[in-house]
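Coordinate inspection notes
Next come the chains, spelled out residue by residue.
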Amino acid sequence: MKPSTSKIVLSIFLSALLLVYMQKELEEINPSMGVESVGNATASLLFSQNFEGSDPLASFHRLELGARHSLNVVERPGGGGKAARYELRPNDPDVKGSRRVETTVVKRKVEKEMWYAFDIYFPADGYVDEENDEVITQWHQSDMGSPSASLRTRRGRITMTVRDEQDEKEKIDLGPVTKNKWLNIVMHMVHSYGSDGLTEIWVDGKQVLSRKGGNLFDGALPKWKIGIYKSRWASEATTVDKRVLYFDNVRVGTAGTTLADMTSETVRSNPVRTKLVEESVHQ
Ligand SMILES: [Ca+2]
């Protein structure tokens, strides 16, 4: 028996309706697919390290260090668990053409919009102020020379250096290098060579920078490093003979992360252990 034309039309109509419905279902499911909620943290938190677990340094993407004193997990100054202690001396072995003890936190997972945070402690006896500067965190693009954005210290002040061209740089004062006290620094960046770039910074919950505009050279997205890089020591001495810094609660989030996610105490006690190691160098 041949089906009537009206039955065929009705069948096609119902099939089309079912397809539309299934497509809608898929779209509703997809946003959460592949994203896991990690502990009590937001799903957009990519990395969180409080140095309390076993082998915490292995969670970094890469270590750049030259001596035994360069990087160690130690008791946190002031108590409350462990922290990472970075130390740099003028006669340390050469690492990538200069004096540095730096850890790359994230590289290939960096997206256009990112959140970065850490607690940092400058000991008065290991971090005496001087005229010559050093980098304490940087966003570095492969084969692009100097970092497009970095936090530096000089003469007892913390400065953000940001640029989108090699020969143009903007230095913004963010406040004093407070000694013997933990500081919490949160950085929100829309990495861009163009006018849609954004750089926001909070120190101890207070916003100290909101800058629109390019913060990246015209090229690939950067990797994010923390630690100490003092280029002057590669060629000459300065007025100090060491730099000691402690880092704790290092975090990285992608778009959708909030300031609260980057500073919450809940995450501090429930670290996200995201293994990002692709290569580790112990020299
Ligand atoms: Ca800790």
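See above for the structure.
A few points on the structure. Predicted model, so just to flag it, every value in this text is computed and none were measured. (Residues numbered from 1 in each chain as written. Predicted model: local features only at pLDDT ≥ 70, side-chain atom pairs only at ≥ 80, totals over all residues.)

What follows deals with the sheet that holds strand E2 (residues 62–64). If you walk across this open sheet you meet the seven strands as E2-E5-E14-E7-E8-E9-E10, and the pairing is antiparallel. If you trace the sheet from one side to the other, it starts and ends with E2 and strand E10 (168–176), each paired once. Averaged over all pairs of adjacent strands, the angle between strand axes in this sheet comes to 15 degrees, irrespective of strand direction. (Pairing = 2+ DSSP bridges. Helix = DSSP H or I, 4+ residues; strand = E, 2+ residues; numbered from the N terminus. Axes fitted to C-alpha atoms, helices over the stretch in contact; angles between N-to-C directions.)

Turning our attention to the nonpolar core. Tyr86, Val105, Ala117, Ile120, Leu245, Phe247 and Val252 are the most contacted members of the largest nonpolar core, which has 50 residues in total. Per element, the largest residue contribution to this core is seven residues, and it comes from strand E6 (residues 113–121). Residues within four places of Val252 in sequence aside, it is in contact with Leu46, Phe47, Val105, Val106, Met114, Trp115, Tyr116 and Trp224. (Core = buried A, V, L, I, M, F, W, Y, C linked by C-beta atoms within 7 Å. Buried ≥ 20, exposed ≤ 12 C-beta atoms within 10 Å, placed from the backbone. Contact = placed C-beta atoms within 7 Å.)

Right, let's get into unusual backbone geometry. Located in the positive-phi region is Asp204, a residue other than glycine, with phi close to 50 degrees. Mapped onto the elements, Asp204 comes out in the loop between strand E12 (198–203) and strand E13 (206–212). Residue Asp204 is classed as partly exposed on the basis of its C-beta count, with 15 C-beta atoms lying within 10 Å. Notably, Asn249 is not glycine yet its phi reads approximately 50 degrees, a positive angle. Residue position: Asn249 is located in strand E15 (residues 243–254). Asn249 sits in the buried class, given 22 other C-beta atoms within 10 Å.

That's the geometry; what it means functionally is another story.
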